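# Secondary and tertiary structure notes
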Amino acid sequence: MPYPAFHLAFFMFCISLVGIFAIAGSGFRREIRFKDVKHLSLLFVVGSVGSVFPDVPAVWNYILYGNLHHTMIGTVPTHSLFFGLVAFILTLALGYLIYRNISKASSLGIFAEAAFLSHLLLDDIADGGLTYLYPVYNEPLSIFVFMNVKLSGVNFFYYNFACFVSVFFIFCVMFMALLALKDLGFGFKYEPLD
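Below is a summary of the structure that appears in this document.

Criteria and cut-off values
Residues numbered from 1 in each chain as written. Predicted model: local features only at pLDDT ≥ 70, side-chain atom pairs only at ≥ 80, totals over all residues. Heavy atoms only, no water. Helix = DSSP H or I, 4+ residues; strand = E, 2+ residues; numbered from the N terminus. Buried < 20%, exposed > 50% of the residue type's maximum accessible area, 1.4 Å probe, protein only. Contact = heavy atoms within 4.5 Å. Areas by Shrake-Rupley, 256 points an atom, 1.4 Å probe, with all protein chains shown as cover. Patch = residues over 30% accessible without salt bridge, like charges linked within 9 Å, V, L, I, M, F, W, Y side chains within 5 Å. Salt bridge = Lys/Arg side-chain N within 4 Å of Asp/Glu carboxyl O. Expected span 1.5 Å × (residues − 1). Arc of directions from axis to C-beta. Axes fitted to C-alpha atoms, helices over the stretch in contact; angles between N-to-C directions. Left-handed = near helix turned anticlockwise from the far one by under 90°. Nonpolar A, V, L, I, M, F, W, Y, C, P; charged D, E, K, R; others polar. Polar contact = N/O pair within 3.5 Å; in protein donor to acceptor, adjacent residues only side chain to side chain.

So, about the overall build of the protein. When helices and strands are tallied, the protein shows 7 helices and 2 strands. When burial is assessed residue by residue, the protein has 39% of its 194 residues classed as buried. Look at the contacts in the protein between residues 6 or more apart in sequence, and 65% of them connect residues 24 or more apart. With the model as given, the accessible surface of the protein reaches about 11200 Å², and the carbon-plus-sulfur share is 73%.

A word on a nonpolar patch on the surface. A cluster of nonpolar residues, Val 59, Trp 60, Tyr 62, Ile 63, Leu 64, Tyr 65 and Leu 68, forms a patch on the protein surface that exposes about 890 Å² of accessible area. Assignment of secondary structure puts Leu 64 in helix H4 (residues 56-65). Note on Leu 64: relative accessible area 47%, which makes it partly exposed.

Turning our attention to helix H3 (residues 34-52). Along its 19 residues, H3 runs 28 Å from first to last C-alpha, staying within 8% of the 27 Å computed at 1.5 Å per residue. For H3, the full list of buried residues reads Asp 36, His 39, Leu 40, Leu 42, Leu 43, Val 46, Gly 47, Gly 50 and Ser 51. Down the axis of H3, the smallest arc covering the buried residues is 155°, so these residues share one side. Summarising the geometry of H3, the exposed residues directed more than 90 degrees from the buried face are Phe 34, Lys 38 and Val 45.

Viewed as axis vectors pointing N to C, H3 and helix H6 (residues 102-127) meet at an angle of 35°, and their least axial separation amounts to 7 Å. Crossing of H3 against H6: the hand is right-handed. Listed contacts from H6 to Leu 42, Leu 43, Val 46, Gly 47, Gly 50, Ser 51 and Val 52 of H3 are Leu 108, Phe 111, Ala 112, Ala 115, Phe 116 and His 119. A per-class count over the contact of H3 with H6 returns 9 nonpolar, 4 polar and no charged.

In this section: the environment of Leu 17. With respect to the helices and strands, Leu 17 occurs in helix H2 (residues 17-28). Look at Leu 17 and you get partly exposed, because its relative accessible area is 46%.

Here the focus is the side chain of Ser 118. Within the secondary structure layout, Ser 118 lies in helix H6. Separated by 2.6 Å, the side chain of Ser 118 and the backbone oxygen of Ala 115 make a polar contact. Once residues within four sequence positions are removed from consideration, Ser 118 is found in contact with Phe 10, Ile 15 and Val 173.

Another aspect to go through is unusual backbone geometry. For the bond from Tyr 134 to Pro 135, the omega torsion is 0°, close enough to zero to count as cis. Within the element layout of this structure, Pro 135 appears in the loop between H6 and helix H7 (156-183). The backbone of Arg 100 shows a phi angle near 55°, a positive value even though the residue is not glycine. For Arg 100, the position within the fold is in the loop between helix H5 (81-99) and H6.

As structure tokens, then:
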């Protein structure tokens, strides 16, 4: 399991890279207003919280039991797509309260979900499997199962297909963030919400 600082750094430099690029460009052109700074802050807070949200039980367990067990809330695994749905719904509600626009709220939820999924992907790489499909399938699965296998140990086609799937999942998470940021005004050129 990577430490929270690593999850935050991965979110900042990989998932929200387009937003950072847009902010830097707008800053150099002096186009950012105070309202935009509040909007930017919301995006980074939501993304940062989303990137460490699966580890929420660690705080609870540390306070109550003095340990850092972080993968379960009762019988529900926090490193699953089901728990990611919880993160999306909470962020969707927050976005609707702030924007009063379902499209913007959905984009904020998708951005938080991309940050959440980046956490799962990093933990999958480090730990070799998570319960992604809870409650449908309760056994750990790994998207990156062949990353450390020698090519001679498996079928050539299967190995390459598994590598493609691994990279495709990372691409999908980054593309989710890109589309959400675009809808929130952060394409390659910042467009104020007004």
